[in-house]
Amino acid sequence: MREPGANGRFGEFGGRFVPESLIPACAEVEEAFRDAWADAGFRRDLDRLLTVYAGRPTPVTPAWRLSAELGVDVLLKREDLAHTGSHKINNVLGQALLAVRMGRTRLIAETGAGQHGVATATAAALLGLSATVFMGSKDMARQALNVHRMRLLGAEVVEVTSGSRTLKDATSEAMRHWVTCVDEAYYCIGSVMGPHPYPWMVREFQRVIGAEARAQCAAELPRAVPDYVVACVGGGSNAAGTFAGFADTGAQLVGVEAAGGAAISNGAVAVMHGHRSYAIQDGDGQILEAESIAAGLDYPGIGPEHAHLHELGRARYVTVTDAEVVDAVKRLARSEGILPALESAHAVAWVLRAAGTAELPAGSTVLITLSGRGDKDSNSLMEIQ
């Protein structure tokens, strides 16, 4: 999990498939990121914000009761404890600092579960920028709390009523808007997707998860590295950041997709939102709508580096159902007193199902990234009780 190759590709995936008018903007972002990432001062400023503002490092918490019940040793990387309630703040602080460095005055973002939107609004308020967040009307209804939080922070939330009214269409509208304002606005993409350099850049900003977890596991585990590293995957930024810390070890990497989307499990190679990767499609190659109880995973594609890891056989990608996810939320809440986001509960659900089988043998050690906290999902959970 290093820098992509020629033309921003991870193997055959990635690239820069955007309108001609956005090619210079993408190139400018790439040049600015390369310059900033090589600048010790930029890295120092970001590290300080991640520490004194975002609350890093987040801990790795042993799940003692759940481990005893399952017969595997479960560790939880607690991104739910980061400021704003998820891993999204890691990437957004990096991109917001980059936007300031580039002289931009406004952030544009897309959001599904609302956590990236909240993080974008938060960073904009911190750094004196304005923020415009595109969100599907379906997601606005089921994530009303996060819509309220974004508006309290001063962001403009633009309702997207086209198509599936979820993350896919919010992303499309955000990219269309970026075309009209590239000179004054910075597009702050929330996951490891989009045109180069975004998949690489977002992974690097999220690498802090894996780097911390690697050191924390070394202190916690006799063998230093867990046998399995598990994270939920929609676009896949929390998983990419986590996997980056363990890709050069013997740990098995497992990405857990929503059964109603599952770009790798159910899809085929396609070009969408500026990059080439896997996406779910019909027989004519048209992108299908994803279905998931978790708004952040209600996306028909996956980041290109995940597609590459899949092709290499370095990571495997599995699915869980909505019913399994709801059960996982309850199980973790009642065994450990931790209420995970529905997105994060996908990773927990797979461990619950696989523990003690050939997929996850008894006695194994497993690290689960809890990408976010579950209070945002209270309305959705109450509706299905």
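Just above, that's the structure.
Description of the structure in this document. Keep in mind that this is a model prediction, so the values were computed, not measured.

Basis of the calculations
Residues numbered from 1 in each chain as written. Predicted model: local features only at pLDDT ≥ 70, side-chain atom pairs only at ≥ 80, totals over all residues. Heavy atoms only, no water. Helix = DSSP H or I, 4+ residues; strand = E, 2+ residues; numbered from the N terminus. Buried < 20%, exposed > 50% of the residue type's maximum accessible area, 1.4 Å probe, protein only. Contact = heavy atoms within 4.5 Å. Areas by Shrake-Rupley, 256 points an atom, 1.4 Å probe, with all protein chains shown as cover. Lys, Arg positive; Asp, Glu negative; His and termini not counted. Charge placed at Lys NZ, Arg CZ, Asp CG, Glu CD. 1 Å grid on protein atoms, 1.4 Å probe; cavity = no way out; pocket = protein on both sides within 12 Å on 5 of 7 lines; lining within 4 Å. Points joined across faces, edges and corners; volume = space filled by probe spheres on them. Nonpolar A, V, L, I, M, F, W, Y, C, P; charged D, E, K, R; others polar. Polar contact = N/O pair within 3.5 Å; in protein donor to acceptor, adjacent residues only side chain to side chain. Pairing = 2+ DSSP bridges. Axes fitted to C-alpha atoms, helices over the stretch in contact; angles between N-to-C directions. Parallel < 35°, antiparallel > 145°, perpendicular 65-115°, else oblique.

## Some remarks on the overall build of the chain
Along its length, the chain carries 15 helices and 14 strands. Principal-axis analysis of the C-alpha atoms places the extent of the chain at approximately 55 × 45 × 40 Å. Expressed as a percentage of the 385 residues in the chain, the buried residues total 62%. Of all intrachain contacts in the chain linking residues separated by at least 6 positions in sequence, the fraction that spans at least 24 positions is 74%. Accessible area for the chain stands at about 13800 Å²; split by element, carbon and sulfur atoms hold 51% of it. When the 35 positive and 44 negative side-chain charges of the chain are each reduced to one mean point, those points stand 4 Å apart.

## Remarks on the layout of surface pockets
Within this model, the largest pocket holds a volume of roughly 200 Å³. Lining the largest pocket, in full, are Phe17, Val18, Pro19, Leu22, Lys168, Ser172, Met175, Arg176, Val179, Met272 and His273. Examining the composition of the lining of the largest pocket, we find that five residues originate from one element, helix 8 (residues 167-179), more than from any other. Looking at the lining of the largest pocket residue by residue, the classes come out as seven nonpolar, two polar and two charged.

## A word on the side chain of Ser191
Looking at the secondary structure, you find Ser191 in the loop between strand 8 (185-187) and helix 9 (198-220). On the basis of relative accessibility, which here comes to 7%, the residue Ser191 falls in the buried class. A polar atom in the side chain of Ser191 sits 3.4 Å from the backbone nitrogen of Ser237. Contacts of Ser191, omitting those with residues within four sequence positions, involve Val202, Gly235, Gly236 and Ser237.

## Side note on unusual backbone geometry
That bond from Arg56 to Pro57 is cis: its omega, 5 degrees, falls within 30 degrees of zero. Among the secondary structure elements, Pro57 is positioned in the loop between helix 2 (40-52) and strand 3 (60-62). Across the junction of His196 and Pro197, the peptide omega takes the value 20 degrees, indicating a cis bond. Tracing the sequence through the fold places Pro197 in the loop between strand 8 and helix 9. The residue Thr84 is not glycine, and still its phi comes out positive at about 80 degrees. Judged by its relative accessible area of 5%, Thr84 is buried.

## Description of the sheet that holds strand 6 (residues 130-136)
Pairing within the open sheet is parallel, and its four strands lie in the order 7-6-5-8. The open sheet has two free edges, formed respectively by strand 7 (156-160) and strand 8, since each of these has just one partner strand. Between one strand and the next, the sheet's axes are offset by a mean angle of 25 degrees, whatever the strand orientation. Both strand 5 (residues 106-111) and strand 8 contribute to a ladder of three bridges, which runs parallel. Residue pairing across strands places Leu107 opposite Tyr186, the latter belonging to strand 8. Against the sheet, helix 4 (residues 88-101) makes contact with strand 5 and strand 8, and its axis sits at roughly 150 degrees relative to strand 8, the strand it touches most. Contacting strand 5, strand 6, strand 7 and strand 8, helix 8 runs over the sheet at an angle of about 155 degrees to strand 5.

## Focus: the packing of helix 5 (residues 115-127) against helix 7 (residues 144-152)
Between two packed helices, the angle of one axis relative to the other and the distance separating the axes together describe the packing. The contact between helix 5 and helix 7 brings their axes to 9 Å, and the two run at 10 degrees. Viewed along their axes, helix 5 and helix 7 adopt a mutual orientation that is roughly parallel. Taking contact as the criterion, the partners of Gln115, Gly117, Val118 and Ala121 in helix 5 are, on helix 7, Asn146, Arg149 and Met150. Here the residues of the contact of helix 5 with helix 7 sort into three nonpolar, three polar and one charged.

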